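Below, each chain spelled out in residue letters.
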Amino acid sequence: MRLWAALAVVLLVTSCGQSPLSSSVDPARWRTPAPRPSPTPTSSPKPAPTPGATPQPTPTPIPSSPPPGPVSSTSVGADGTLLVNGRPVLLIAGQKLDYGWWAAAGYTRAQADAKLSQLRSWGFNGMNNGNWLSLPSWGIQAQDQELWNRYGFYWVGSATIDLTRNLDVSFSHCTTQGLATLRDIVRTYRARPNLLAWQIIPEMGAGTDLSCYRAARDAVRGEDPARVVANLMVLDDGILRTLGLIDFPFPEMPLFGTPAVGIQNLHGLLADLRSALRSGQRFVFGISTTPLAELIPPWYTSRIPSYEELRRYFLLQVGMGVRAFEVLWGPNQRDGSRYPNNGDAGMPSGYLSVWNWTGQVIAEVRSLESVILAPGAGKRSRPPPPSASRPS
């Protein structure tokens, strides 16, 4: 949401028992999670559909599999598809769903892996807004590689924040020192086998200096021309003005507001983006959906969307030609007092239902992969001219 992810990083790291300015590779600086006599289950029974709903079959989950081949290049297809090594890939990414965020929200390593296994079975295959982070108390030296080796998750990595070395130039990325640090981070991690794209700042919004952003983007491309640049967008400043600047914009769309307004806003955005693609703009056609807000001021608890709302929201994206999807899971960022960082137990009633419903809908989206990535999908067919002959 509107809280810069740089602040989220501070909240994440301090909640894990580490100063944001200390080295994340020092085991002594990480507090071992306190044992709990009865850990909260990591999932709830499959909820019944909302009264009055038409029951929908749950698609067959995709089993976990070894990582796909390493990423050597990423690019953008003319139809808004993400190309990995020249081949179209349907990215379904999670945000605030990597190991660091599960640790921050008070889950154990076993509970985090149970959640991540669920994500993989539903069809998730990547993590966005990823932090370069180690968690020695969990036996993790590099979370991006642990997620790759265990689950085959692709990674969108930060070019301005490296928590393993206490580097953060997300707010000074076009200064002389900032650009030098950015180049160093890119050189350090550009050989990662699951790296899809670089992110320059945690969120783009109305206050983003686009000339400064362009300088940073050019520096990233200079160090790693083989990968695209992606960024989460706070949708309040007109995403269309950034399309020539970012290869892979992820506009953030909240689902927990007024239902009619939310779906109308989504439809309007999708129509604008689809028109931009047809006019020759080149970018990955992606959307980030936030089913539930962060459990921090000023949002705290969200209105709980129904299964039908979630399904309609994602299938509208499919129907209008979206080629990359993301779920931003707000409840993994909490204030720690009103909503404590103690795993599932720290979430309000009903939130686990939304977790499961979201997974069911994502599994349905994944089951449509061949339709979504079909050449020409989402393009409007043109009627024949009036003078054209028609079959009788």
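Parameters and conventions
Residues numbered from 1 in each chain as written. Predicted model: local features only at pLDDT ≥ 70, side-chain atom pairs only at ≥ 80, totals over all residues. Heavy atoms only, no water. Helix = DSSP H or I, 4+ residues; strand = E, 2+ residues; numbered from the N terminus. Buried < 20%, exposed > 50% of the residue type's maximum accessible area, 1.4 Å probe, protein only. Contact = heavy atoms within 4.5 Å. Areas by Shrake-Rupley, 256 points an atom, 1.4 Å probe, with all protein chains shown as cover. Pairing = 2+ DSSP bridges. Right-handed = clockwise from strand over helix to strand, strands pointing away. 1 Å grid on protein atoms, 1.4 Å probe; cavity = no way out; pocket = protein on both sides within 12 Å on 5 of 7 lines; lining within 4 Å. Points joined across faces, edges and corners; volume = space filled by probe spheres on them. Nonpolar A, V, L, I, M, F, W, Y, C, P; charged D, E, K, R; others polar. Axes fitted to C-alpha atoms, helices over the stretch in contact; angles between N-to-C directions. Salt bridge = Lys/Arg side-chain N within 4 Å of Asp/Glu carboxyl O. Disulfide = S-S within 2.5 Å.

(A) Geometry of the overall build of the chain. The number of helices and strands found in the chain is 10 helices and 12 strands. For the chain, with 392 residues in total, the buried portion stands at 56%. Within the chain, contacts between residues separated by at least 24 positions form 77% of all contacts whose residues are at least 6 apart in sequence. Of the accessible surface of the chain, which amounts to about 15800 Å², a share of 56% is contributed by carbon and sulfur atoms.

(B) Representation of the pairing of strand β11 (residues 286-290). β11 sits mainly inside the fold: five of its five residues count as buried. Judged by which residues are buried, β11 turns out to be covered on both faces: G286, S288 and T290 on one side and I287 and T289 on the other are all buried. Summarising the sheet, strand β10 (residues 248-254) and β11 pair through three bridges and their orientation is parallel. Paired with E252 across the two strands is S288, which belongs to β11. After leaving β10, the chain enters helix α7 (residues 259-278) and then returns to the sheet as β11, a path that is right-handed. Relative to strand β12 (residues 324-328), β11 runs parallel, the two being bridged by four bridges. Looking at the pairing, I287 lines up with F325 of β12.

(C) Looking closely at empty space enclosed by the protein. Applying the stated rule across the entire model yields four cavities of 30 Å³ or more. Estimated volume of the second largest cavity: approximately 40 Å³. Along the walls of the second largest cavity sit L255, T258, P259, G262, I263, E309, R312 and Y313, which together make up its complete lining. Broken down by secondary-structure element, the contributors of at least two residues to the lining of the second largest cavity are α7 and α8 (307-319). Here the residues of the lining of the second largest cavity sort into four nonpolar, two polar and two charged.

(D) Region of interest: the sheet that holds strand β3 (residues 87-89). Read across the open sheet, the three strands follow the order β1-β2-β3; overall the sheet is antiparallel. One side of each edge strand has no neighbouring strand; the edge strands of this open sheet are β1 (74-76) and β3. Strand after strand, the sheet turns through a mean of 45 degrees between neighbouring axes, direction not considered.

(E) Expanded view of the pattern of salt bridges. Scanning the entire structure with this criterion turns up 17 salt bridges. Residue K96 is joined to E294 by a salt bridge in which the shortest nitrogen-to-oxygen separation is 2.7 Å. Taken together, the positions of K96 in the loop between β4 (91-95) and α2 (99-104) and E294 in the loop between β11 and α8 put the pair 198 residues apart, joining distant regions of the chain. For the pair K96 and E294, a shared accessibility class is recorded, and that class is buried. Between D224 and R227 there is a salt bridge, and its shortest N-O distance comes to 3.0 Å. Look at R227 and you get buried, because its relative accessible area is 7%. What you see here is one network of salt bridges that share partners, running through R109, D113, E146 and R150.

(F) Representation of the state of the cysteines within the structure. What the rule picks out here adds up to one disulfide. What pairs with C174 in a disulfide is C212, and their sulfur atoms sit 1.9 Å apart. Linking C174 and C212, the disulfide has an S-S dihedral of approximately -110 degrees and is accordingly described as left-handed. With C174 in the loop between β7 (167-168) and α5 (176-189) and C212 in helix α6 (residues 210-223), the pair connects residues that are 38 residues apart, well separated along the chain. Looking at C174, the relative accessible area reads 33%, which means it is partly exposed.

(G) Representation of the pairing of strand β8 (residues 195-199). With five of five residues buried, β8 lies mostly within the body of the structure. Across four bridges, the pairing between strand β6 (residues 154-162) and β8 is parallel. Residue pairing for β8: G157 is matched across the bridge by W198. When β8 meets strand β9 (residues 228-234), the two strands line up parallel, connected through three bridges. Counterpart to A197 in the pairing with β9 is V228.

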